[in-house]
Amino acid sequence: MTRVAVVGIGHSRFGRRTDVNIGELAFESIKQAVDDAGVDRNDIGNVVVGSAGGWYEESLPAVVVGEYAGLSGAGTMRVEAACASGSAAVKAAYNSILSGETEVAMAVGVEKMTEVDTPTSVELIGRAGSYTWEFENYGMTFPAYYALYAVAHMNEFGTTQEDLSRISVKAHKYGARNPLAQFQKEITLEKAMRSQMVAWPLKLYDACPLSDGSATVVLASEEAAKRLTDTPVWIRGVGYSSDTANLSRRDSYVGLRAAVDAAARAYSMAKVAPGDIDIATAHDCFTIAELMAYEDLGFCKKGEGAKMVREGETELGGRIPVNLDGGLKAKGHPIGATGVSMAVEITKQLRGEAGNRQAPIKRGLGLTHNIGGTGHYAYVTVYSRD
Amino acid sequence: MTRVAVVGIGHSRFGRRTDVNIGELAFESIKQAVDDAGVDRNDIGNVVVGSAGGWYEESLPAVVVGEYAGLSGAGTMRVEAACASGSAAVKAAYNSILSGETEVAMAVGVEKMTEVDTPTSVELIGRAGSYTWEFENYGMTFPAYYALYAVAHMNEFGTTQEDLSRISVKAHKYGARNPLAQFQKEITLEKAMRSQMVAWPLKLYDACPLSDGSATVVLASEEAAKRLTDTPVWIRGVGYSSDTANLSRRDSYVGLRAAVDAAARAYSMAKVAPGDIDIATAHDCFTIAELMAYEDLGFCKKGEGAKMVREGETELGGRIPVNLDGGLKAKGHPIGATGVSMAVEITKQLRGEAGNRQAPIKRGLGLTHNIGGTGHYAYVTVYSRD
Amino acid sequence: MSEAPALHSRRPLTLRFDIPISRTHEFWDSLRAGKFVTTKCTKCGNVTFPPQSDCPRCMGSEFEWVDLGQDATLVTYTQVMTAPASFSAEGSYTVAIAGFRGGVRALAWLEGVKAEDARSGMKLRVEARSRPDGSPYYVFVRA
Amino acid sequence: MSEAPALHSRRPLTLRFDIPISRTHEFWDSLRAGKFVTTKCTKCGNVTFPPQSDCPRCMGSEFEWVDLGQDATLVTYTQVMTAPASFSAEGSYTVAIAGFRGGVRALAWLEGVKAEDARSGMKLRVEARSRPDGSPYYVFVRA
Ligand SMILES: [Zn+2]
Ligand SMILES: [Zn+2]
C-alpha cells in the first residue's frame, strides 16, 4: 500500500475577517496550497471540506468553496467532527488516496464565525453537546463544559488558576511570532489572571477567541509526492476516537478518554512513542484542554501537566514544544480550519520553515492533537519527515 | 487491494416520525444492520454518519447517535453532501476499509425534518444553493430549482407535465409494496395532475415529502465479509462529482453534468455498461429529477426520458426497473438517510429479498444514483452479487 | 476597526424544535410528581441516565423505570458568567455534575451555591422545578 | 394522528447573517446607479457572474469591472407558489435565469410575467430595484 504525504500547504490570516466571505476566505489558503504543491487543479480527484457551519450563510460550503476556487467537478463532501472537523477532512482525504481513489487530494478547513453576533455564537457552540439534557434547561456554554474538567483536575491534582494562565501566556508569546495569528501580542501572567471570568474558574484569557480563517493541505500518494516535491511530510499514524455527547456519562473529568484512545492508535500505527515527538500542536480551545492534552498524549503522567507548564517543558527549547504557532488561544480557532491549520504548522516545522518559532527537529516527528467538542471527537495524527 | 461488501442492512420506517428523537430513530436501523451482519459492535472501527441537519436539535449527530447506540469509542465523523449525504457516508466508510483502517465499518444515514414547521423546512432547503445570489433576494425553493430544469427539458424535448405525473404514479405504485414507505397507497394519474402547483410546472405530486428516517449499512473487507455472511453484495464502482452552487453557472438545464460525470466514473470502475444494470434507484426528489436521471445514467439518450416513462421501461418487468422501493416520492426523503436507504434497497434486490417488488436479477448488478442539492453533488454506485 | 461593507441579511432564520419524547415521557411525568427516575434494561440490567428506551449495552429495547432517589454527590461544577443568547435573562448560574447511588450521573443547575463555595463530594439533593410555562426541569440543592 | 408527546423547546435560535462584500461591493454600488456590472480577470480575461475577486479559472486575483449592459435573453423560468418562511409576505413570484452577451447568466425575479406566459428566448432587460430599507436588488422585465 502507498504512503501519503503532505505536498502543499496554505493558511489564511486568522481573526475577525469581515473583509471576506466564505469563498474568498477559503480561496486564500487553497491558492497558496495549490501553488506550494505545484499541482494542476484537474489532478485533484477529491476535495474534502471541514466546516462545522451554522454561523455563516451558506449551508453547502463544500460546493460554494469549490465553485469559487474553480474546483467544481472534483469529488467533494463536507465533513464535521465539531472542532476536529479539519482533522477529519485530512483523514478523509488521506483515506481517499490510500484507497486508490485518487493520487492527489485536498483537505480544506474553513469557518466564518463572525457573521452572527457573539451571544449567538456562544449559543451555537453551547448547543453542540447533548442539546436536550445539557442545553435546553441548563444553558451550557463551551467554557462551562471545559470548566467542569478544570475544577475536577484542580481538585484532584492541585492544578491552579495560575498554571492555566501560564499556558495562555505561552500561547501569546508564540502567537507574537506568527504573522497569521489573530493575536500577535505577548501578555503578562497578571493580565491573564485578572481577565474577566467567563465560566468559573476559566477566564477570558483561558479561552480561544471566535475566529474566521481557512487552511488547506494538498496530499499525494508516494509516487505523486516524489514527482511534486522534494520536501514531502508523511502521514505516519492516524488515530481517532469518540465519546459520549452527555458529559454526565463520561468516565472521568480529569482527562479525555477519546484523546487517550486516539493517541494510542496513532502511536501504534506510526510505531513511535510520545518521547520521540519533536513538535506538537495540542487542542488548547481552553488552557485546561492543553494541560490535559500533555497528559492524555503521554508527554507526562496523568496529573503532572501543571508541572510541565511550570518547568517550561513545552516551550521552545523545552522537552516537547507545543503550539509554537500560538495555539488556538492566540492564533485563533476557526472551528473547521483548526485541524488543517495544525497540519500546516507541523508541516512547516518539519520542513524547517517556521522562522523564529522553529523547533529543533531531531527525529523528524511531529504530532497534531485535535479535539471535537469537549472530547466528543478526538483525532491524533503523527507526521514524519522520512 | 481488498474488495468491500455490504454485509448488513437496516432501515427504519420513513415518514412523519414524531414518536422518536434522532437517537431513537437512528437506533432502529443500526440495530437491524448489526443483527443482520451478525457483527460485534466492538469490531466496527469506523462509524460514518450522513446527515444534513439544521431541522433537529442536535448539532453533533454522529456523537449523539453513537452514544445512544453504544458506539462511543469508534472512530466517527459526520459527512454532508446535501441530499447525497447518505452516499457520501457509504463512500467514506468504504474508503476506510480499502485504506486498511478497519475491517468493518458502518454508514448510518439519518434525518429528522419534522421538528420545525413546514415553511421553515422549505426555507432551510431553499437556502442550500447559493445563499447570497439566489436565496437572499429571490427566495428560491427546492421545487423551484428543479422547475427551472423541468421547463428547459419541456421546451427542448417536448416532455410534458403528464410524463412527469406518470413517474409519480409509478412511485406510489411501488411505495404501496414497501411496508417502510411514507406513502403506501397507489394514486391515479388524474390525482397527480390535479395536485396543487408548488413551483410551476411542478406540483405537489411531483415532489417528495418532508420525512424522518434512518438507514444503516455495515460494510466489510473481503476477508471479514466471507466470515460474516453468505450473501455479500459487493461495491464495484463508486463515482462522484460536483457542480456549481449558483444555478446560473450550470452548463445546461436539461441534465445534471455532475450526475453524468459520476456515472461515467462508476461504470468505468465497475467495468459495466448502463445496459448491464438489473435494478436501479434514481434520485427522484422531483419527478423531473428521475426523468433526467434515466438520461444522465445512459439508460436512454438525452431527451428520451419521457419515452422510457411512456413505454414503462423502468417499471417492474421493463428494461431497467427504477425505484421499486417507491423512490423518494413515495418512500420519503429524509435527506441524510436517502443514500443509505438506496444501498439497503439494492442490497435487498440483489439478495432476492425484495418480496412483491423483487426485480428479476440476471447479471447481478444494481446501481444507486443519489444527487445532492440540484446536482451540486452526485454520487453513483454500482453494486454486484459477485 | 470600522465595519467593512456587508450585506445585512433581511431573511432571519428562526429555529425552534419540537423534540419527541414519546418513549421517555414518563421521566418528565414522574419529575412533575417529584420523582427522579430513569430506565433500566430488562435484559441486561443496565441503568442509564439520561433515560433511553433502547439499551446502549445490549441493544435490547425492553426496559423498566427505576427510582434514583433524591440523594446525589457533587462530582464537578462551574458557574456560567457569560450565557448564550437564549439564556441572557438567567443571570449567572452554577452547573453541577452529581452522581446517584448505582453510579449514574446527571448534569443540572446547582441552586443556592456559588461555584467558589462548592466542594466535590458535597451532599446534594435533586429537586423538581417548573418554568413559568409549566415545563418541568430539575436542579440540585445542598442536602 | 394526534400529536405525540414532545418537548417544545423554549430556546429559539435566530440567525441573521452579515455577509462581507468588501471585495465586490462595487457591484451593489453600480446597481444603485442603474448599472449591471461584473468582474473580469485581468490575467486570463475570464468574466464571471456572480462577481468574484479571485478567478476560478486561473486563480489570479486582479480583476476589472465590466458592464454587462441591460439586455438579456430568457433561458429558463419557474413560478414559486409555496414560498419559504422568510418570503411568506411576497406572494407568488416568477424566477428566471437569463443570459447576457458574452455568455454569463444570472438568476433573478422576472417581474410582470407569469411563468405560463414566459417563453425561452424572450428578450428581457435587467433593472435595479430597492427594498423599502434601501437595499438594492435586480430583476428582469420584458424588454
Ligand atoms: Zn441491556
Ligand atoms: Zn483568470
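Residues numbered from 1 in each chain as written. Chains lettered and ligands numbered in written order. Predicted model: local features only at pLDDT ≥ 70, side-chain atom pairs only at ≥ 80, totals over all residues. Heavy atoms only, no water.

Details of the coordination of the zinc ion (ligand 2)
Residues and elements named next belong to chain D.
Logical step 1: Those donors, Cys41 (SG), Cys44 (SG), Cys55 (SG) and Cys58 (SG), are the protein atoms that reach the zinc ion (ligand 2), and they lie 2.3 Å from it.
Logical step 2: One can describe the site at the zinc ion (ligand 2) as tetrahedral: its four donor atoms subtend angles covering 98 to 117° at the metal.
Logical step 3: Residue Cys44 is classed as partly exposed on the basis of its relative accessible area of 27%. (Donors = N, O, S within 2.8 Å, 3.2 Å for Na, K, Ca; no water. Tetrahedral: all angles 85-135°; square planar, octahedral: opposite > 155°, others 65-115°. Buried < 20%, exposed > 50% of the residue type's maximum accessible area, 1.4 Å probe, protein only.)

Side note on the packing of aromatic side chains
Logical step 1: Counted under the stated rule, the structure contains 60 aromatic pairs over all chains.
Logical step 2: Aromatic pair Trp109 of chain D and Tyr137 of chain D: ring centres 6.1 Å apart, planes at 85°, arrangement edge-to-face. Of this pair, Trp109 of chain D sits in strand 9 (residues 105-110) while Tyr137 of chain D sits in strand 11 (residues 136-142), and the two are 28 residues apart along the sequence.
Logical step 3: Under the relative-accessibility criterion, Tyr137 of chain D is labelled buried at 9%.
Logical step 4: Above the face of the Phe87 of chain D ring, Arg11 of chain C is positioned so that its terminal group lies 3.6 Å from the ring centre.
Logical step 5: Directly above the aromatic system of Tyr137 of chain D lies the positively charged group of Arg131 of chain D, at a separation of 3.8 Å from the ring centroid. (Phe/Tyr/Trp six-rings, centres within 6.5 Å; stacked < 30°, edge-to-face > 60°. Helix = DSSP H or I, 4+ residues; strand = E, 2+ residues; numbered from the N terminus. Lys NZ or Arg CZ within 6 Å of the ring centre and 35° of its normal.)

Considering the packing of helix 1 (residues 22-37) of chain A against helix 2 (residues 61-68) of chain A
Residue and element names in this part refer to chain A.
Logical step 1: Between helix 1 and helix 2, the shortest axis-to-axis distance is 9 Å and the interhelical angle comes to 65°. In terms of crossing hand, the pair formed by helix 1 and helix 2 is right-handed. Taking contact as the criterion, the partners of Ile22, Gly23, Glu24, Ala26, Phe27 and Ile30 in helix 1 are, on helix 2, Val64, Val65 and Tyr68.
Logical step 2: Among the residues forming the contact of helix 1 with helix 2, the class breakdown is seven nonpolar, one polar and one charged. (Axes fitted to C-alpha atoms, helices over the stretch in contact; angles between N-to-C directions. Left-handed = near helix turned anticlockwise from the far one by under 90°. Contact = heavy atoms within 4.5 Å. Nonpolar A, V, L, I, M, F, W, Y, C, P; charged D, E, K, R; others polar.)

What about the coordination of the zinc ion (ligand 1)?
All names here are of chain C.
Logical step 1: Each protein donor to the zinc ion (ligand 1) is listed here as Cys41 (SG), Cys44 (SG), Cys55 (SG) and Cys58 (SG); together their distances run 2.3 to 2.4 Å.
Logical step 2: In this structure, the zinc ion (ligand 1) is surrounded by four donor atoms whose angles at the metal cover 99 to 116°, and the resulting shape is tetrahedral.
Logical step 3: Here the donor residues for the zinc ion (ligand 1) map to a single chain with the spacing C-x2-C-x10-C-x2-C.
Logical step 4: The exposure class assigned to Cys55 is buried, which follows from its relative accessible area of 5%.

Re the nonpolar core
Most often, soluble globular proteins keep nonpolar side chains buried together rather than apart.
Logical step 1: Counting residues in each nonpolar core, the largest one holds 376 residues, and the members touching the most others are Tyr146 of chain A, Tyr146 of chain B, Tyr138 and Phe140 of chain C together with Tyr138 and Phe140 of chain D.
Logical step 2: When residues no more than four places from it in sequence are discounted, the contact partners of Tyr146 of chain A are Leu202, Leu256, Cys285, Phe286, Ile288, Ala289, Met292, Ile371, Gly373, Thr374 and Gly375 of chain A. (Core = buried A, V, L, I, M, F, W, Y, C linked by side-chain atoms within 4.5 Å.)

Describing the sheet that holds strand 5 (residues 47-48) of chain C
Logical step 1: The sheet built from three strands is open, its strands ordered 5-4-6 (chain C) with antiparallel pairing. Bordering the open sheet on either side are strand 5 and strand 6 (63-67) of chain C, each of which pairs with just one other strand. (Pairing = 2+ DSSP bridges.)

Let's talk about the side chain of Thr24 of chain C
Logical step 1: If you trace the backbone, Thr24 of chain C turns up in the loop between strand 3 (18-20) and helix 1 (25-32).
Logical step 2: Excluding residues within four positions of it along the chain, Thr24 of chain C makes contact with Glu24 of chain B together with Pro51, Gln52, Ser53 and Trp65 of chain C.

Brief notes about the interface of chain A and chain C
Logical step 1: Listed per partner, the contact involves 36 residues of chain A and 40 residues of chain C.
Logical step 2: Taking both partners together, chain A and chain C bury about 3,200 Å²; carbon and sulfur atoms supply 60% of that area.
Logical step 3: Inspection of the region where chain A meets chain C yields zero salt bridges.
Logical step 4: At the boundary of chain A with chain C, the tally comes to 19 residue pairs in polar contact (both at pLDDT 80 or more).
Logical step 5: Elements represented by at least two residues in the side of chain A that touches chain C include exactly helix 4 (118-126), helix 5 (131-135), helix 6 (142-157) and strand 5 (197-200) of chain A.
Logical step 6: With six residues, the single largest contributor to the side of chain A that touches chain C is helix 6 of chain A.
Logical step 7: Counted by class, the side of chain A that touches chain C contains 18 nonpolar, ten polar and eight charged residues.
Logical step 8: The sheet contact formed by strand 5 of chain A and strand 7 (residues 71-80) of chain C spans two bridges and is antiparallel. Bridge pairing links Ala199 of chain A to Val80 of chain C in strand 7 of chain C. (Buried area = accessible area lost by both parts, 1.4 Å probe. Salt bridge = Lys/Arg side-chain N within 4 Å of Asp/Glu carboxyl O. Polar contact = N/O pair within 3.5 Å; in protein donor to acceptor, adjacent residues only side chain to side chain.)

Points about the packing of helix 7 (residues 161-175) of chain A against helix 11 (residues 287-296) of chain A
Residue and element names in this part refer to chain A.
Logical step 1: One can describe the packing of helix 7 onto helix 11 by two numbers: an axis separation of 8 Å at closest approach and a directional angle of 95°. Between helix 7 and helix 11, the interaxial angle falls into the category roughly perpendicular. Taken together, the residues of helix 11 that come into contact with helix 7 (itself represented by Leu164, Ile167, Ser168 and Lys170) are Thr287, Ile288, Glu290, Leu291 and Tyr294.
Logical step 2: Of the residues that constitute the contact of helix 7 with helix 11, the class distribution is five nonpolar, two polar and two charged. (Parallel < 35°, antiparallel > 145°, perpendicular 65-115°, else oblique.)

Details of the relation of the copies chain B and chain A
Logical step 1: Of the transformation placing chain B onto chain A, the axial shift is 0.0 Å and the rotation is 180°, giving an RMSD of 0.0 Å. A rotation of that kind, with that shift, is consistent with a two-fold axis.
Logical step 2: Comparing interface residues between copies, 100% of those in chain B also lie at the interface in chain A; the contact surface is shared. (Least-squares fit on C-alpha atoms with pLDDT ≥ 70 in both.)

Focus: the interface of chain B and chain A
Logical step 1: Listed per partner, the contact involves 52 residues of chain B and 52 residues of chain A.
Logical step 2: In this assembly, chain B packs against chain A so that about 4,000 Å² is buried in total across both faces, 50% of it on carbon and sulfur atoms.
Logical step 3: Measuring nitrogen to oxygen at the nearest pair gives 2.9 Å for the salt bridge that ties Glu101 of chain A to Lys91 of chain B.
Logical step 4: Listed by contribution, the elements that provide at least two residues to the side of chain B that touches chain A are strand 2 (44-50), helix 2 (61-68), strand 3 (75-80), helix 3 (85-98), helix 5 (131-135), strand 8 (233-242), helix 10 (257-270) and strand 11 (377-384) of chain B.
Logical step 5: Within the side of chain B that touches chain A, the residues separate by chemical class into 21 nonpolar, 19 polar and twelve charged.
Logical step 6: Pairing analysis gives three bridges linking strand 3 (residues 75-80) of chain A to strand 3 of chain B, with the strands arranged antiparallel. Its bridge partner lying in strand 3 of chain B, Glu80 of chain A is registered against Arg78 of chain B.

Digging into the pairing of strand 2 (residues 44-50) of chain A
Note on strand geometry: in a regular strand, side chains alternate between the two faces of the sheet.
All names here are of chain A.
Logical step 1: Counting buried positions over the seven residues of strand 2 gives six, a clear majority of the element.
Logical step 2: Strand direction decides the pairing type here: strand 2 and strand 4 (residues 104-112), joined by six bridges, are parallel. By the bridge assignment, Asn46 is partnered in strand 4 with Ala105.
Logical step 3: Bridge analysis of strand 2 against strand 3 gives five bridges, and the strand direction is parallel. By the bridge assignment, Val49 is partnered in strand 3 with Arg78.
Logical step 4: Between the parallel elements strand 2 and strand 3, the chain passes through helix 2 in a crossover that is right-handed. (Right-handed = clockwise from strand over helix to strand, strands pointing away.)

A few points about the side chain of Lys170 of chain B
Residue and element names in this part refer to chain B.
Logical step 1: Tracing the backbone through its elements, the reader meets Lys170 in helix 7 (residues 161-175).
Logical step 2: Polar side-chain contacts of Lys170 include one of 2.9 Å to the side chain of Glu290.
Logical step 3: Aside from chain neighbours lying at most four places away, what touches Lys170 is Glu290, Tyr294, Thr314, Glu315, Val322 and Asn323.

With respect to helix 11 of chain A
Count 3.6 residues to each turn of an α-helix, and residues three or four apart come out pointing the same way.
Residues and elements named next belong to chain A.
Logical step 1: With respect to burial, helix 11 is a largely interior element, ten of its ten residues being buried.
Logical step 2: Regarding helix 11, the residues found buried are Thr287, Ile288, Ala289, Glu290, Leu291, Met292, Ala293, Tyr294, Glu295 and Asp296.
Logical step 3: Turning to helix 11, the residues buried within the fold contact helix 6, helix 7, strand 6 (202-203), helix 10 (257-270), helix 12 (305-310) and strand 10 (365-372).
Logical step 4: The first or second residue beyond helix 11 is Gly298, which carries a positive phi of 80°.

Considerations on the domain arrangement of chain C
Residues and elements named next belong to chain C.
Logical step 1: Splitting chain C by domain gives domain 1 (19-67) and domain 2 (69-143).
Logical step 2: Centre-to-centre, using C-alpha coordinates, domain 1 lies 21 Å away from domain 2.
Logical step 3: Domain 1 puts ten residues into the contact, and the matching count from domain 2 is 14 residues.
Logical step 4: Counting the surface lost from both domain 1 and domain 2, the interface buries some 950 Å², and carbon and sulfur atoms represent 67% of this.
Logical step 5: The largest share of the area that domain 1 buries against domain 2 comes from Leu31, Phe36 and Phe49, three residues that together contribute 54% of it.
Logical step 6: The interface formed by domain 1 and domain 2 includes zero salt bridges.
Logical step 7: At the surface where domain 1 touches domain 2, the tally comes to one residue pair in polar contact (both at pLDDT 80 or more).
Logical step 8: For the side of domain 1 that touches domain 2, the leading source of residues is helix 1, giving four residues. (Domains from an automatic or database assignment.)

So, unusual backbone geometry
Logical step 1: Here the bond from Trp200 of chain B into Pro201 of chain B is cis, since omega is 5°, no more than 30 degrees from zero.
Logical step 2: Looking at where Pro201 of chain B falls in the secondary structure, it is placed in the loop between strand 5 (197-200) and strand 6 (202-203).
Logical step 3: For the peptide bond that leads from Phe49 of chain D to Pro50 of chain D, omega is 0°, which places it in the cis range.
Logical step 4: Its place among the elements puts Pro50 of chain D in the loop between strand 5 (47-48) and strand 6 (63-67).
Logical step 5: Backbone geometry places Ala82 of chain A, a non-glycine residue, at a positive phi of 50°.
Logical step 6: With respect to the element layout, Ala82 of chain A can be found in the loop between strand 3 and helix 3 (85-98).

Things to note about the pairing of strand 11 of chain D
Residue and element names in this part refer to chain D.
Logical step 1: For strand 11, the buried fraction is high: six of the seven residues fall into the buried class.
Logical step 2: Sheet analysis places strand 9 next to strand 11, joined by two bridges and oriented parallel. Pairing of Trp109 across the sheet is with Val139, part of strand 11.
Logical step 3: Relative to strand 11, strand 10 (residues 123-130) runs antiparallel, the two sharing seven bridges. When the sheet's bridge partners are listed, Ala128 is paired in strand 11 with Tyr138.
Logical step 4: With antiparallel pairing between neighbouring strands as the criterion, strand 10 and strand 11 make up a hairpin whose turn holds five residues, including Gly134 at a positive phi of roughly 95°.

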